[in-house]
Amino acid sequence: MTGMIYNNSYDIAAVMLSVCCILYFAMTKRIKHFKHTLYAILCGCVFTGSLSNISAGAFAAAGYPFAANIAINTYFFVNVLTMCIFGLYIQCISGYLMNWHKKNYIFYSIPAAVTALLIAANFFLHFLFYYDADCNYTRGKAFLLLHFLSAMYLIQTIAGLLKNVVFIPKRKVGCLLSGLGVVVAGIVIQMIFRQLQIQLFTEALMLTLMAIVFENASLEVDPDLNVYKRKEFLDYYKTACDLKREMTLIAVSLVNTEQLLSTLSGEEKAAAFRSVCEKLSKKVGHHNVYAYSAEKYAVMLDRSSVKDYSIVENDFLIALEAMFNQSWSVGEKKVYFNALVTVIHLPDDVDSVTLDSVFHRGRNLNFTDSNVVLRDHKDVDILRKRTRMLNAVRRACENRSFLVYYQPIWSVDTQSIVSAEALVRMDDPELGFIPPDEFISAAEEYGLISALGEIVLEKVCEFCADYHPEQYGIEWIELNVSPYQLGDANIVQKFARILQKYNIPVSFINLELTETVDVFRNGIFEETLKQLREYGFTFSMDDYGTGYSNLANLMSNNYRTVKIDKSLLWKATDQEGMDFLMITVNQLKSIKLQVLQEGVETKEQLDIITSFGGNLIQGYYFSKPLPDREFIAYCKRLAG
Ligand code: C2E
Ligand code: MG
Ligand code: MG
């Protein structure tokens, strides 16, 4: 270099630093994403740039002008390219790159393309810079053009960052600005002290900073689920909303997991959730999947970048449903998840929903519901109602304010009331009086059913201890137990403690179970059932004829009573219905089960079921469910 001593120490440092960044990049596993590709290119640029600058000096010193020219041309080309990629990287991290279309990319690459042409021409024409035959370095008249092209990228990057600063998550802004600051400082210092050659070193410093903050997988990837963390999702979602980007959020919430998973160990649970994330990632690309919580996942799809998007979305939803209709293997065990999938189209739906509600929206899901895909984004009312319901159940659990009503059960043999079914009610200060059909499923879904069940049992025991219904001929009480409660491994101890507290014999409580396909395909409740049976509880099968109950289950589970669902009785208005009911009763009696008919409302119905041999009768014909005092008064009246 003419008249100037070239100090290559900073370039050597830049080579070493960029090699470290490349090694770090190569050694850490990360989710495939455009920004990482850009980072890798950026590392390559800084490495090549500094190496070619060093080589140019070395070749010139050794008297090889041709090699020195190749090296210096490479250096200047890479120099502009670095600024180009750096700008792109910053915009990608900031998120506003998502608003770019093809034409943006084309415009953006023009200065880099011009540089490539200029450098190619310069190799022969020497109008930018060159080493002459004596290895003297000379700058040509047009040299400033290169600065101008670099500056275009730098200015655009700074302007873009400042213009979009409001969209960029705050914690990222600081780091991006400092990275940019370091690079600008390097350029300024080099312009003032040309012999320092510090620019590439500051670029390598910037690479290091980015490696720590943006290329550090552990900061953005959930270690258990191996998908992006919640805060990455929140950032991305916010930017997409702010930019009014055409995107689709597919919210996948696993529902009813708490009870289902209570038989799995911590590790097995983690493996189960992880495999859900893995399958989602395989279907839509790893970089599109985010963890909202351990059991709720977000898939973000860019509508504008996909051809025939609606077909893609539809295919994905179908695949999702199929995915959740199959079992998930966790070690030796198999689990079934129910998933609630909500589709939100940005930007149209954003105003009508909050993120939290998207993940919690849904209609009452009960145990037999399969997976539900909700596409109608206008059902905010359902959503609000659901949230209010959940809050009401929470309040009632906290204040133990559930009410228990009793519906008498009549014995055909003794012609008297021999039992009663305990039926829970909720009288909420906000929502008023609510029947169980509306809140039991909410309690099940949000893992509150165990608490609810315990409160009901305690109230029943309190009632028995206070009123001694056995004086009026009541021999036992029927208590409804949700299959989800059986997932609670401590249910036996909890029930036993309550019975002991009120000194109620276990034979006084008969547990009503509703069998659903899930119980038996999982087989995970068998153990709890066995323990309850060993403790002395007896069982009725509820709603026989509606669900998945069959004779084989009935025999294997030692039920005492079968409660025939009211629908079977109500259909017995013609010969076919009558025959069906009669066959059902006969079948059950032939395997020595007591038959209880629910929903008997009229004298005719009572006559039909008694003529078929039904043993016990429950229904409005005798009485609706009554509050405790009224029930006792009812019993007294009948007994007296
Ligand atoms: P279930 O166990 O089948 O209870 C019988 C339901 O039928 C009760 O509704 C009762 O009021 C109603 N019913 C009885 N006789 C007649 C009749 O003659 N005609 C008509 N139309 N209906 C009649 P309810 O109290 O609304 O309870 C609904 C369901 O909620 C119950 O169905 C049960 O599955 C669940 N449930 C109630 N209490 C509890 C509880 O403490 N724990 C759990 N896990 N579930 C409960
Ligand atoms: Mg029942
Ligand atoms: Mg029933």
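Computed from a predicted model, the values in this text were never measured in an experiment. (Residues numbered from 1 in each chain as written. Chains lettered and ligands numbered in written order. Predicted model: local features only at pLDDT ≥ 70, side-chain atom pairs only at ≥ 80, totals over all residues. Heavy atoms only, no water.)

As a further point, take the coordination of the magnesium ion (ligand 3). For the magnesium ion (ligand 3), the protein coordination sphere consists of Asp542 (OD), Asp543 (OD), Glu598 (OE) and Glu598 (OE), at 2.0 to 2.6 Å. Sequence positions of the residues that donate to the magnesium ion (ligand 3) give the spacing D-D-x54-E. Distance-wise, the magnesium ion (ligand 2) is placed 4.1 Å from the magnesium ion (ligand 3), both being coordinated by Asp542. A residue pair is termed long-range when its members are at least 10 positions apart, and Asp543 in strand β15 (residues 538-544) and Glu598 in the loop between β17 (594-597) and α23 (603-612) qualify at 55 residues. (Donors = N, O, S within 2.8 Å, 3.2 Å for Na, K, Ca; no water. Helix = DSSP H or I, 4+ residues; strand = E, 2+ residues; numbered from the N terminus.)

Our next topic: the site of ligand 1. Taken together, 24 residues surround ligand 1, and among them Arg425, Asp542, Lys566, Glu601 and Tyr620 come closest. Contact distances for ligand 1 include 3.1 Å between a nitrogen atom and a backbone N or O atom of Val424. Between ligand 1 and the protein, one listed contact pairs an oxygen atom with a side-chain N or O atom of Arg425 at 2.8 Å. In isolation ligand 1 exposes 790 Å². Once the protein is present, 87% of that is buried. Contributions of two or more residues to the shell around ligand 1 are made by β11 (416-428), α15 (436-445), β15 and α21 (566-570). (Near = heavy atom within 4 Å. Polar contact = N/O pair within 3.5 Å; in protein donor to acceptor, adjacent residues only side chain to side chain. Areas by Shrake-Rupley, 256 points an atom, 1.4 Å probe, with all protein chains shown as cover.)

The next thing to look at is the coordination of the magnesium ion (ligand 2). Every protein donor of the magnesium ion (ligand 2) is listed here as Glu421 (OE), Asn480 (OD1), Glu512 (OE) and Asp542 (OD), and their distances to the metal cover 2.0 to 2.2 Å. Here the donor residues of the magnesium ion (ligand 2) are spaced in sequence according to E-x58-N-x31-E-x29-D. Given a relative accessible area of 1%, Glu512 falls into the buried group. (Buried < 20%, exposed > 50% of the residue type's maximum accessible area, 1.4 Å probe, protein only.)

A few words now on the confidence of the model for the chain. Of all residues in the chain, 91% have pLDDT values of 70 or greater, and the mean over the chain is 87. Highest mean pLDDT in the chain belongs to strand β18 (residues 616-618) (98); lowest belongs to strand β9 (residues 372-374) (47). In the predicted structure, residues 362-380 sits below a pLDDT of 50 and forms 62 contacts with residues beyond four places in sequence or in another chain. (pLDDT = per-residue confidence, 0-100. Contact = heavy atoms within 4.5 Å.)

Each aromatic ring pair is specified by the distance between its two centres and by the angle formed by the two planes. Scanning the entire structure with this criterion turns up 29 aromatic pairs. Within the aromatic cluster, the residues linked to one another by ring pairs are Tyr228, Phe233, Tyr236, Tyr237, Tyr290 and Tyr292. Arg560 extends its terminal NZ or CZ atom over the ring of Trp476, reaching a point 4.7 Å from the ring centre. For Lys624, the ring lying beneath its charged end belongs to Tyr620, and the centroid distance is 5.0 Å. (Phe/Tyr/Trp six-rings, centres within 6.5 Å; stacked < 30°, edge-to-face > 60°. Lys NZ or Arg CZ within 6 Å of the ring centre and 35° of its normal.)

A cis amide bond, omega 0 degrees, links Leu346 with the succeeding residue Pro347. Phi at His468 is positive, roughly 45 degrees, even though this residue is not glycine. By the secondary structure assignment, His468 is in the loop between α16 (449-467) and β13 (476-481).

On to the pairing of strand β14 (residues 509-513). Within β14, five of the five residues are buried, leaving the element largely enclosed by the surrounding structure. Here β14 shows two buried faces, one formed by Ile509, Leu511 and Leu513 and the other by Asn510 and Glu512. As for the winding sense of the linkage, the β-α-β connection from β13 through helix α17 (residues 491-502) to β14 is right-handed. The pairing of β14 with β15 spans four bridges and is parallel. Its bridge partner lying in β15, Glu512 is registered against Ser540. (Right-handed = clockwise from strand over helix to strand, strands pointing away. Pairing = 2+ DSSP bridges.)

This part takes up helix α1 (residues 9-27). Owing to its 3.6 residues per turn, the α-helix aligns residues three or four sequence positions apart on the same side. Spanning 19 residues, α1 covers 27 Å between terminal C-alpha atoms, matching the ideal 27 Å at 1.5 Å per step. Buried within α1 are the following residues: Asp11, Ala14, Val15, Ser18 and Cys21. Along the axis of α1, the buried positions cluster into a sector of 130 degrees, meaning they face one direction only. Facing away from the buried side of α1 by over 90 degrees, the exposed positions are Met16 and Met27. In the core, the buried residues of α1 are packed alongside α2 (34-62) and α7 (199-213). (Expected span 1.5 Å × (residues − 1). Arc of directions from axis to C-beta.)

Okay, the pattern of salt bridges next. Tallied over the full model, the rule gives 13 salt bridges. Residue Arg400 is joined to Glu458 by a salt bridge in which the shortest nitrogen-to-oxygen separation is 3.0 Å. Here the residue Arg400 occupies a position in the loop between α14 (380-399) and β10 (403-411), and Glu458 occupies one in helix α16, the gap between them amounting to 58 residues. Looking at Glu458, the relative accessible area reads 13%, which means it is buried. Bridged by salt links that share partners, the residues Glu421, Glu512, Lys563 and Glu598 form one connected network. (Salt bridge = Lys/Arg side-chain N within 4 Å of Asp/Glu carboxyl O.)

It is at 12 Å that the axes of helix α3 (residues 65-94) and α7 come closest, and there the two elements cross at 30 degrees. Relative to α7, the element α3 lies roughly parallel. Crossing geometry of α3 relative to α7 is assigned as left-handed. Along the contact surface, α3 presents Tyr75, Asn79, Thr82, Met83, Phe86 and Tyr89, while α7 presents Gln199, Leu200, Glu203, Met206 and Met210. Across the contact of α3 with α7, the residue classes break down as seven nonpolar, three polar and one charged. (Axes fitted to C-alpha atoms, helices over the stretch in contact; angles between N-to-C directions. Parallel < 35°, antiparallel > 145°, perpendicular 65-115°, else oblique. Left-handed = near helix turned anticlockwise from the far one by under 90°. Nonpolar A, V, L, I, M, F, W, Y, C, P; charged D, E, K, R; others polar.)

For the rest of this paragraph, the subject is the packing of helix α6 (residues 170-192) against α7. Running from N to C, α6 and α7 point in directions that differ by 170 degrees, and their axes come no closer than 8 Å. The angle between α6 and α7 places the two elements in the roughly antiparallel class. Between α6 and α7, the contacting residues are Cys175, Ser178, Gly179, Val182, Val183, Gly186, Ile187 and Gln190 on the first element and Gln199, Thr202, Glu203, Leu205, Met206, Leu209, Met210 and Val213 on the second. Taken together, the residues that form the contact of α6 with α7 break down as nine nonpolar, six polar and one charged.

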